[in-house]
Amino acid sequence: MLGTRAGEGKAVLLGERIRARRRHLGLTLKAVSAASGLSIAYLSQVERQRANPTVTALSSVARALGVKLSFFVPDEVHAAVVVKKGESRVLHLAELPYQVRSLAGLGQDLQLEPLLIQIGPHFTSAPSSHLGEEFLHVLSGRMVLHVGEECFELVAGDSAQHPSTTPHAWGNPGGEVTTLLWVGTPRLF
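Residues numbered from 1 in each chain as written. Predicted model: local features only at pLDDT ≥ 70, side-chain atom pairs only at ≥ 80, totals over all residues. Heavy atoms only, no water.

Participant: Describe in detail the confidence of the model for the chain, supporting the description with residues and values.
Facilitator: Residues with a pLDDT of 70 or more make up 79% of the chain, whose mean pLDDT is 81. Under a pLDDT of 50 for its full length, residues 1–11 has, in the predicted model, 19 contacts with residues more than four places off or in other chains. (pLDDT = per-residue confidence, 0-100. Contact = heavy atoms within 4.5 Å.)

Participant: I'd love a proper account of helix α4 (residues 55–64), names of residues and values included.
Facilitator: Think of an α-helix as turning once every 3.6 residues; residues three or four places apart then point the same way. Those residues of α4 not exposed but buried are A57, L58, S60, V61, A62 and A64. Structurally, α4 contributes buried residues whose contacts are with α1 (14–25), α2 (29–36) and α3 (40–47). Just downstream of α4 lies G66, where phi reads positive at about 70°. (Buried < 20%, exposed > 50% of the residue type's maximum accessible area, 1.4 Å probe, protein only. Helix = DSSP H or I, 4+ residues; strand = E, 2+ residues; numbered from the N terminus.)

Participant: Give a detailed account of the sheet that holds strand β6 (residues 142–147), specifying residues and quantitative values.
Facilitator: Spatial strand order, β4-β9-β6-β7: four strands in an open sheet with antiparallel pairing. Each edge of the sheet is formed by a strand with only one pairing partner; in this case those strands are β4 (123–124) and β7 (150–155). (Pairing = 2+ DSSP bridges.)

Participant: Go over the packing of aromatic side chains, please, and point to the residues and values.
Facilitator: Under the counting rule described, the total for this entry stands at one aromatic pair. Taken together, a centroid distance of 6.4 Å and an interplanar angle of 65° make the contact between F123 and W170 edge-to-face. One end of the pair, F123, is in strand β4; the other, W170, is in strand β9 (residues 168–172), with 47 residues separating them in the sequence. For the pair formed by F123 and W170, the shared burial category is buried. (Phe/Tyr/Trp six-rings, centres within 6.5 Å; stacked < 30°, edge-to-face > 60°.)

Participant: For the environment of G184, give the residues involved together with the corresponding values.
Facilitator: Tracing the backbone shows G184 in strand β10 (residues 178–185). As for G184 and P163, which are separated by 21 residues in sequence, their C-alpha atoms are 9.4 Å apart. Among residues more than four places away in sequence, those in contact with G184 are Q111, L112, E113, E133 and E134.

Participant: Help me get a handle on unusual backbone geometry, residues and values and all.
Facilitator: Positive phi, normally seen in glycine, also occurs at Q49, with a value near 65°. According to the relative accessible area criterion, Q49 is partly exposed, its value standing at 34%. With a phi angle near 55°, H122 is a residue other than glycine that sits in the positive phi range. Relative to the helices and strands, H122 is located in the loop between β3 (113–119) and β4. Residue classification places H122 among the exposed positions, given a relative accessible area of 60%.

Participant: Please set out the pattern of salt bridges residue by residue, giving values where relevant.
Facilitator: Tallied over the entire structure, the rule returns three salt bridges. Residues R22 and E47 are paired through a salt bridge, measuring 2.6 Å at the closest nitrogen-oxygen approach. With R22 in helix α1 and E47 in helix α3, this residue pair connects regions lying 25 residues apart in the sequence. The exposure class assigned to R22 is buried, which follows from its relative accessible area of 9%. The shortest N-O distance in the salt bridge between R142 and E153 comes to 2.8 Å. Here E153 lies in strand β7 and R142 lies in strand β6, a separation of 11 residues in the sequence. (Salt bridge = Lys/Arg side-chain N within 4 Å of Asp/Glu carboxyl O.)

What follows is the structure in C-alpha coordinates.
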(Lines give C-alpha, C1' and ligand atoms only; values in the text may rest on other atoms or scores of the structure.)
Protein backbone atom coordinates (compact mmCIF):
# COMPACT_ATOMS: atom_id res chain seq x y z
CA MET A 1 0.00 0.00 0.00
CA LEU A 2 1.25 3.48 -0.83
CA GLY A 3 1.49 5.99 1.97
CA THR A 4 -0.51 9.16 2.25
CA ARG A 5 0.75 12.56 1.22
CA ALA A 6 0.68 15.44 3.64
CA GLY A 7 -2.88 16.67 3.90
CA GLU A 8 -4.44 13.47 2.59
CA GLY A 9 -6.45 11.34 4.93
CA LYS A 10 -6.61 8.07 3.01
CA ALA A 11 -3.85 5.83 1.70
CA VAL A 12 -4.00 5.13 -2.04
CA LEU A 13 -3.57 1.52 -3.12
CA LEU A 14 -1.31 0.73 -6.06
CA GLY A 15 -4.03 -1.19 -7.91
CA GLU A 16 -6.42 1.77 -7.51
CA ARG A 17 -3.88 4.16 -9.05
CA ILE A 18 -3.32 1.82 -12.00
CA ARG A 19 -7.06 1.34 -12.59
CA ALA A 20 -7.75 5.08 -12.24
CA ARG A 21 -5.03 5.97 -14.78
CA ARG A 22 -6.22 3.28 -17.23
CA ARG A 23 -9.83 4.43 -16.99
CA HIS A 24 -8.79 8.08 -17.23
CA LEU A 25 -7.16 7.26 -20.57
CA GLY A 26 -10.20 5.25 -21.68
CA LEU A 27 -8.14 2.07 -22.09
CA THR A 28 -9.32 -1.49 -21.62
CA LEU A 29 -7.33 -4.16 -19.81
CA LYS A 30 -6.85 -5.74 -23.24
CA ALA A 31 -5.23 -2.56 -24.60
CA VAL A 32 -2.91 -2.25 -21.60
CA SER A 33 -2.10 -5.94 -21.92
CA ALA A 34 -1.12 -5.51 -25.57
CA ALA A 35 1.01 -2.44 -24.79
CA SER A 36 2.70 -3.89 -21.70
CA GLY A 37 3.12 -7.54 -22.67
CA LEU A 38 1.39 -8.62 -19.45
CA SER A 39 -1.68 -10.84 -19.41
CA ILE A 40 -5.16 -9.43 -18.90
CA ALA A 41 -5.70 -11.80 -15.96
CA TYR A 42 -2.50 -10.63 -14.26
CA LEU A 43 -3.35 -6.94 -14.79
CA SER A 44 -6.82 -7.53 -13.36
CA GLN A 45 -5.31 -9.17 -10.27
CA VAL A 46 -2.91 -6.24 -9.81
CA GLU A 47 -5.77 -3.72 -10.07
CA ARG A 48 -7.79 -5.71 -7.48
CA GLN A 49 -4.80 -5.96 -5.09
CA ARG A 50 -4.62 -9.74 -5.53
CA ALA A 51 -1.12 -9.69 -7.05
CA ASN A 52 1.94 -7.56 -6.33
CA PRO A 53 3.77 -6.57 -9.51
CA THR A 54 7.53 -6.75 -9.80
CA VAL A 55 9.39 -3.54 -10.60
CA THR A 56 9.80 -4.82 -14.17
CA ALA A 57 6.06 -5.49 -14.53
CA LEU A 58 5.16 -2.13 -12.97
CA SER A 59 7.59 -0.42 -15.36
CA SER A 60 5.82 -2.10 -18.31
CA VAL A 61 2.44 -0.91 -16.98
CA ALA A 62 3.80 2.63 -16.55
CA ARG A 63 5.02 2.71 -20.17
CA ALA A 64 1.66 1.37 -21.38
CA LEU A 65 -0.15 4.10 -19.43
CA GLY A 66 2.20 6.88 -20.54
CA VAL A 67 3.63 7.73 -17.14
CA LYS A 68 6.92 7.42 -15.30
CA LEU A 69 7.33 4.61 -12.79
CA SER A 70 7.34 7.21 -10.01
CA PHE A 71 3.69 8.02 -10.86
CA PHE A 72 2.72 4.89 -8.88
CA VAL A 73 5.01 5.64 -5.93
CA PRO A 74 4.58 9.37 -5.27
CA ASP A 75 7.02 11.18 -3.04
CA GLU A 76 5.89 12.74 0.20
CA VAL A 77 7.50 16.06 -0.78
CA HIS A 78 6.49 18.09 -3.82
CA ALA A 79 8.72 21.03 -4.52
CA ALA A 80 7.35 23.93 -6.53
CA VAL A 81 8.97 24.52 -9.89
CA VAL A 82 9.12 28.13 -11.04
CA VAL A 83 10.12 29.31 -14.51
CA LYS A 84 10.84 33.02 -14.70
CA LYS A 85 10.12 35.10 -17.80
CA GLY A 86 12.88 34.59 -20.35
CA GLU A 87 14.06 31.29 -18.82
CA SER A 88 11.72 28.92 -20.69
CA ARG A 89 12.99 26.50 -23.31
CA VAL A 90 11.94 27.08 -26.92
CA LEU A 91 11.67 24.59 -29.75
CA HIS A 92 11.48 26.19 -33.17
CA LEU A 93 12.44 24.24 -36.27
CA ALA A 94 12.72 26.25 -39.47
CA GLU A 95 10.90 23.47 -41.38
CA LEU A 96 7.81 23.74 -39.15
CA PRO A 97 5.55 26.79 -39.05
CA TYR A 98 5.08 26.73 -35.31
CA GLN A 99 7.07 27.54 -32.19
CA VAL A 100 6.75 25.69 -28.87
CA ARG A 101 7.76 27.26 -25.55
CA SER A 102 7.83 25.08 -22.45
CA LEU A 103 6.23 26.84 -19.49
CA ALA A 104 7.31 24.16 -16.98
CA GLY A 105 10.57 23.50 -15.27
CA LEU A 106 12.40 20.22 -15.08
CA GLY A 107 11.00 19.11 -11.73
CA GLN A 108 10.79 15.40 -11.04
CA ASP A 109 7.47 13.56 -10.95
CA LEU A 110 5.63 16.27 -12.88
CA GLN A 111 2.97 14.76 -15.13
CA LEU A 112 1.54 17.80 -16.93
CA GLU A 113 3.33 19.57 -19.77
CA PRO A 114 2.21 23.19 -20.18
CA LEU A 115 3.30 24.74 -23.49
CA LEU A 116 2.80 28.06 -25.23
CA ILE A 117 2.42 27.30 -28.95
CA GLN A 118 2.46 29.79 -31.81
CA ILE A 119 1.09 28.36 -35.06
CA GLY A 120 1.97 30.06 -38.33
CA PRO A 121 -0.69 30.94 -40.90
CA HIS A 122 -2.24 28.24 -43.08
CA PHE A 123 -0.70 25.27 -41.21
CA THR A 124 -2.42 21.95 -40.49
CA SER A 125 -0.78 19.11 -38.58
CA ALA A 126 -0.97 15.47 -39.58
CA PRO A 127 -3.42 13.40 -37.49
CA SER A 128 -1.85 11.58 -34.54
CA SER A 129 -2.85 9.57 -31.48
CA HIS A 130 -0.90 8.53 -28.39
CA LEU A 131 -1.40 7.89 -24.70
CA GLY A 132 -2.35 10.87 -22.63
CA GLU A 133 -4.76 13.76 -22.47
CA GLU A 134 -4.69 17.26 -23.97
CA PHE A 135 -6.18 20.62 -23.05
CA LEU A 136 -5.80 23.78 -25.10
CA HIS A 137 -6.94 27.37 -24.74
CA VAL A 138 -6.73 29.78 -27.67
CA LEU A 139 -5.12 33.04 -26.54
CA SER A 140 -5.18 34.81 -29.91
CA GLY A 141 -6.12 34.04 -33.49
CA ARG A 142 -8.20 31.07 -34.52
CA MET A 143 -7.64 27.38 -35.07
CA VAL A 144 -9.36 24.26 -36.30
CA LEU A 145 -9.27 21.16 -34.09
CA HIS A 146 -10.13 17.70 -35.44
CA VAL A 147 -10.82 15.03 -32.80
CA GLY A 148 -11.98 11.72 -34.23
CA GLU A 149 -14.81 12.49 -36.65
CA GLU A 150 -15.56 15.90 -35.12
CA CYS A 151 -14.23 19.27 -36.27
CA PHE A 152 -14.24 22.42 -34.12
CA GLU A 153 -13.34 25.99 -35.05
CA LEU A 154 -11.93 27.79 -32.02
CA VAL A 155 -11.23 31.50 -31.52
CA ALA A 156 -9.53 33.49 -28.76
CA GLY A 157 -11.07 32.55 -25.42
CA ASP A 158 -12.23 29.08 -26.52
CA SER A 159 -10.90 25.88 -24.91
CA ALA A 160 -10.97 22.17 -25.69
CA GLN A 161 -9.98 18.98 -23.87
CA HIS A 162 -9.74 15.45 -25.27
CA PRO A 163 -8.02 12.09 -24.76
CA SER A 164 -4.88 11.85 -26.89
CA THR A 165 -5.78 8.26 -27.75
CA THR A 166 -8.43 9.62 -30.16
CA PRO A 167 -6.83 10.60 -33.51
CA HIS A 168 -6.53 14.38 -33.57
CA ALA A 169 -5.04 17.19 -35.66
CA TRP A 170 -5.02 20.96 -35.44
CA GLY A 171 -4.20 23.90 -37.60
CA ASN A 172 -4.38 27.60 -38.27
CA PRO A 173 -6.58 28.35 -41.28
CA GLY A 174 -6.09 32.12 -40.98
CA GLY A 175 -3.49 34.53 -42.25
CA GLU A 176 -2.14 35.55 -38.82
CA VAL A 177 -0.27 33.69 -36.08
CA THR A 178 -2.44 31.77 -33.60
CA THR A 179 -1.22 31.51 -30.00
CA LEU A 180 -2.51 28.86 -27.64
CA LEU A 181 -1.84 27.47 -24.20
CA TRP A 182 -1.55 23.68 -24.45
CA VAL A 183 -1.41 21.37 -21.42
CA GLY A 184 -1.04 17.63 -21.84
CA THR A 185 0.28 14.32 -20.67
CA PRO A 186 2.71 12.66 -20.93
CA ARG A 187 5.46 15.27 -20.82
CA LEU A 188 7.22 16.08 -24.09
CA PHE A 189 10.26 18.00 -22.76
